[in-house]
Structure formats: structure tokens, C-alpha cells
Amino acid sequence: MNQQPTGMCMVCGKETQNRCSKCADAGIDLFFCSPEHQKLVWPGHRIFCGSQAFPVSFPLLSKAEVASIVGNLDKTIFCPTIDGQEVQITLMDHIRQAALPGMGVPETLTLILGTSEESTARPVFRNNPGKQQELLLFLRMSTESCIGTTSLRDGILTGLSRLCLCLTDKGIMPYVPEYERNQAELFHRFVVFHTLTAFAMRPNTIAEKMLAMQRYGEALKESEIAMYAFAEGKFGKAFSEKLKEVIQLLKPRGYDFVVKP
Ligand SMILES: [Zn+2]
Ligand SMILES: [Zn+2]
């Protein structure tokens, strides 16, 4: 008799018993068929591996990230909304309208500072860590256009924030801190998918793009198929169709060039 749980590799979808051991210790089974596939997406998975894996918790903003948000609050931005449109508005007003309705400017500023990793001593979110995560995701999504996304990590976190907020907005998933185990497992598949997307989409030159397509195109396609198969197995066909629609809507320009349908 085999008591060992099995599941689909988060990269290629192959059935396997191999789990990420740090995440298993945190109480969640995240499967990788081989060390190669675990290593392939490590730059993304590492952001959430271990204690951040379940309950899912996004990393707080660094000192530099908070500083660039605060320094840009008066700036007029073209801001992407969760459904892929753009609005022109100051960053401060955008944050107040969309994430903190009814909140004054000083209180908004206090709450923004409260999403910094340096703010653990501040009592702002002590009684409501869920609200902190909600604002954090919103800041990661909406500040991209004024800060400029530079690192791979930023790209992954911005894309994930947009997807999670969109799924919450459409009533398909709860807020991130409320994800139950299966929803958290699905979330980690979003991470894998966004990591491979970031690898494949980052190059600027045609030659680099061709190389990225060869290297990551297949894994990206397989991870997307495995993600929908997992979603359908756990939550049903209707759920997985809705998820597919949202992900399709949020895919970056040029995606179909990298991954041939
Ligand atoms: Zn695999
Ligand atoms: Zn892990």
C-alpha cells in the first residue's frame, strides 16, 4: 500500500511523488517531478516557498519600493485597471479610490508605509493582516507604470497581484490571505506560470526572444495546461473555464509569439 501522496508536477503536469520539502513542512503539497523542474522555476517559487506558502503571504515592500511609491504619489499616471483598461489619475487618488475608499490623504499615507517590511513595529495593520495583504497587492499592481518594473521578481509579483485581484474582483477566488489549501495550491501554479512567462517575455531582441522561446516555450505551455487540469480537478469545469478567460485577458502582448497555440 502506498501512503505517499502524488500530484501533477507544477511545471510539466507529470504525475509524481516528489514534493517541495520546505513547502510540505509548511503543510502544503507542491509537486515537482524532478530537481530540474524545481530549479527551473525557483526564482519565482522561492518568493513563496516555506512559511509564506500556506497561508499564502506576499512579501512586504522593501524600503526602496515604499520610497518610490511615496515619491510618486502626486504623479499623474496611466494606470492599468484589473480588467486591462487604462485610466489617467494621480497615484494617490487612484489608491484612495480603488483600495481605500473614504480614507483621507494622511491615513492613506500611513497605511502605505504600513505595507513596508520595515514597518513590523508599527501598529497599523496589527489587527488586520488580511487588509495589509490586500493593499500590498494593489500597490504592486498599480504602481508598475510609475516605478517601472525592472527585476524578474517585480515582473512576477506584479503579474500575480493583477491576476489575484482580478479573480477576487470577479468573485472567482477569495482574497489571498483567505485561500484554503486547494486554492493555495492553485496559486502556486500561478506562480510557476508567471515565472515561466517572465522568463519567456523579458528578452528585448529578436535573437534573445527566439532563444527564450526554445528554452521556456514548451514548459510554459505545459504548466498552463497542468494549471487548468488542476483547477478543473479540484473546482470543476465551470471554474477552470472562468479562470482560463481571466488569464487570457491578462496575458502580456506577444505571448502567442512565444507559445504557439
Ligand atoms: Zn515536471
Ligand atoms: Zn517550496
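Preceding this section is the structure that the text describes.
Treat the numbers as computed from the prediction; the structure is a model and nothing was measured. (Residues numbered from 1 in each chain as written. Chains lettered and ligands numbered in written order. Predicted model: local features only at pLDDT ≥ 70, side-chain atom pairs only at ≥ 80, totals over all residues. Heavy atoms only, no water.)

Focus: unusual backbone geometry
Heads up, the condition is: Only DSSP runs of H or I with at least four residues qualify as helices, and only runs of E with at least two residues qualify as strands; both kinds are numbered from the N terminus onward.
Pro55 follows Phe54 through a cis peptide bond whose omega is -5°. Here Pro55 shows up in the loop between α3 (42–48) and α4 (63–71).

Remarks on the nonpolar core
Going by this rule: Definition used in this section: a nonpolar core is a set of buried Ala, Val, Leu, Ile, Met, Phe, Trp, Tyr and Cys residues joined via side-chain atoms within 4.5 Å. Burial classes: relative accessible area under 20% of the type maximum marks a residue as buried, over 50% as exposed, and values in between as partly exposed (1.4 Å probe, protein chains only). Each domain span listed reflects an automatic or database assignment of domains. Note on contacts: a residue pair qualifies if any of its non-hydrogen atoms lie within 4.5 Å across the two residues.
If you look at the biggest cluster of nonpolar residues, it comprises 75 residues, and the most contacted ones within it are Phe48, Phe58, Ile95, Leu186, Phe187, Phe190 and Leu243. Of all the elements, helix α10 (residues 181–201) adds the most residues to this core, at eleven residues. Here this core spans two domains, and each of domain 1 (7–56 + 179–253) and domain 2 (63–149) adds at least three residues to it. Apart from the residues within four sequence positions on either side, Ile95 is in contact with Leu73, Leu100, Thr108, Ile112, Leu135, Phe138 and Leu139.

So, the coordination of the zinc ion (ligand 2)
Convention followed: With water excluded from the atoms, a metal site may look incomplete; its donors are any N, O or S atoms within 2.8 Å, or within 3.2 Å for Na, K and Ca. Key to geometry: four donors with every angle between 85 and 135 degrees are tetrahedral; four donors are square planar and six octahedral where opposite donors lie over 155 degrees apart and all remaining angles lie between 65 and 115; all other sites are irregular.
Distances from the zinc ion (ligand 2) to its protein donors, namely Cys20 (SG), Cys23 (SG), His45 (NE2) and Cys49 (SG), fall within the range 2.1 to 2.4 Å. Geometry at the zinc ion (ligand 2) is tetrahedral, judged from its four donor atoms and the angles of 104 to 117° they form at the metal. Mapping the donors of the zinc ion (ligand 2) onto the primary sequence yields the spacing C-x2-C-x21-H-x3-C. Owing to a relative accessible area of 9%, Cys49 belongs among the buried residues under this scheme.

A short note on the side chain of Gln132
As for its placement among the helices and strands, Gln132 is situated in helix α7 (residues 129–142). Excluding residues that lie within four positions of it along the chain, Gln132 makes contacts with Leu60, Gly114, Thr115, Ser119 and Phe125.

Focus: the coordination of the zinc ion (ligand 1)
Protein-derived coordination of the zinc ion (ligand 1) comes from Cys9 (SG), Cys12 (SG), Cys33 (SG) and His37 (ND1), at a distance range of 2.1 to 2.3 Å. Here the zinc ion (ligand 1) binds four donor atoms, and the angle range of 101 to 115° at the metal identifies the geometry as tetrahedral. Counting gaps between the donor residues of the zinc ion (ligand 1) yields the pattern C-x2-C-x20-C-x3-H. What makes Cys33 buried here is its relative accessible area of 17%.

Structural notes on the packing of aromatic side chains
As a reminder of what qualifies: Only Phe, Tyr and Trp rings are paired, with Trp represented by its six-membered ring, and only when their centres lie within 6.5 Å; those with planes under 30 degrees apart are stacked, over 60 edge-to-face, the remainder tilted. Two conditions define a charge located above a ring, namely a distance within 6 Å from the ring centre to NZ of Lys or CZ of Arg, and an angle within 35 degrees of the ring normal.
A complete count under the given rule lists seven aromatic pairs for this structure. Ring geometry for Phe187 versus Phe190: centroids 6.5 Å apart, planes at 75°, classification edge-to-face. In this pair, Phe187 and Phe190 are both assigned in helix α10, three residues apart and thus about one turn of the helix distant. The same class applies to Phe187 and to Phe190, which are both buried. Site record: aromatic cluster; members linked through ring pairs are Phe48, Phe58, Tyr179, Phe187 and Phe190. Above the plane of the ring of Tyr228 lies Lys244, whose end atom (NZ or CZ) is 5.2 Å from the centre.

Observations concerning the packing of helix α5 (residues 91–98) against α7
Each pair of packed helices can be summarised by the angle the axes make with each other and by the distance between the axes. Here is the rule we go by: To define axes, lines are fitted to C-alpha atoms, for helices over the stretch in contact only, and angles between the resulting N-to-C directions are given on a 0 to 180 degree scale. Under this scheme an angle from 65 to 115 degrees is roughly perpendicular, one under 35 degrees roughly parallel, and one over 145 degrees roughly antiparallel; angles in between are oblique. Put simply, a crossing is left-handed when the front helix is turned counterclockwise from the back one by less than a right angle, and right-handed when it is turned clockwise. Residue type decides the class: Asp, Glu, Lys and Arg count as charged, Ala, Val, Leu, Ile, Met, Phe, Trp, Tyr, Cys and Pro as nonpolar, and the leftover types, Gly among them, as polar.
Across the interface, α5 lies against α7 with an axial gap of 11 Å and an inter-helix angle of 140°. One element, α5, and the other, α7, form an angle in the oblique class. Regarding α5 and α7, the two cross each other, and that crossing is right-handed. Contact residues: Leu91, His94, Ile95 and Ala98 in α5; Leu135, Phe138, Leu139 and Ser142 in α7. Residue composition of the contact of α5 with α7, by class: six nonpolar, two polar and no charged.

Observations concerning the environment of Gln214
Inspection of the secondary structure puts Gln214 in helix α11 (residues 206–235). A C-alpha to C-alpha distance of 9.0 Å links Gln214 and Ala200, two positions 14 residues apart in sequence.

Considering the pattern of salt bridges
What counts is decided by this rule: The working definition used for a salt bridge is a side-chain nitrogen of Lys or Arg within 4 Å of a carboxyl oxygen of Asp or Glu.
Inspection of the entire model under this criterion finds six salt bridges. Across the pair Lys131 and Glu134 runs a salt bridge whose closest N-O atoms are separated by 3.3 Å. Here Lys131 and its partner Glu134 are both found in helix α7, three residues apart, which amounts to about one turn of the helix. Judged by its relative accessible area of 28%, Lys131 is partly exposed. According to the relative accessible area criterion, Glu134 is partly exposed, its value standing at 22%. For Glu241, the salt bridge identified is with Lys237, shortest N-O distance 3.7 Å. On the criterion of helical spacing, the pair formed by Glu241 and Lys237 is a turn pair, its members being four residues apart in helix α12 (residues 237–250). Take Glu241: its relative accessible area is 34%, and that puts it in the partly exposed class.

Such coordinate-based values are descriptive only and should not be taken to indicate function.
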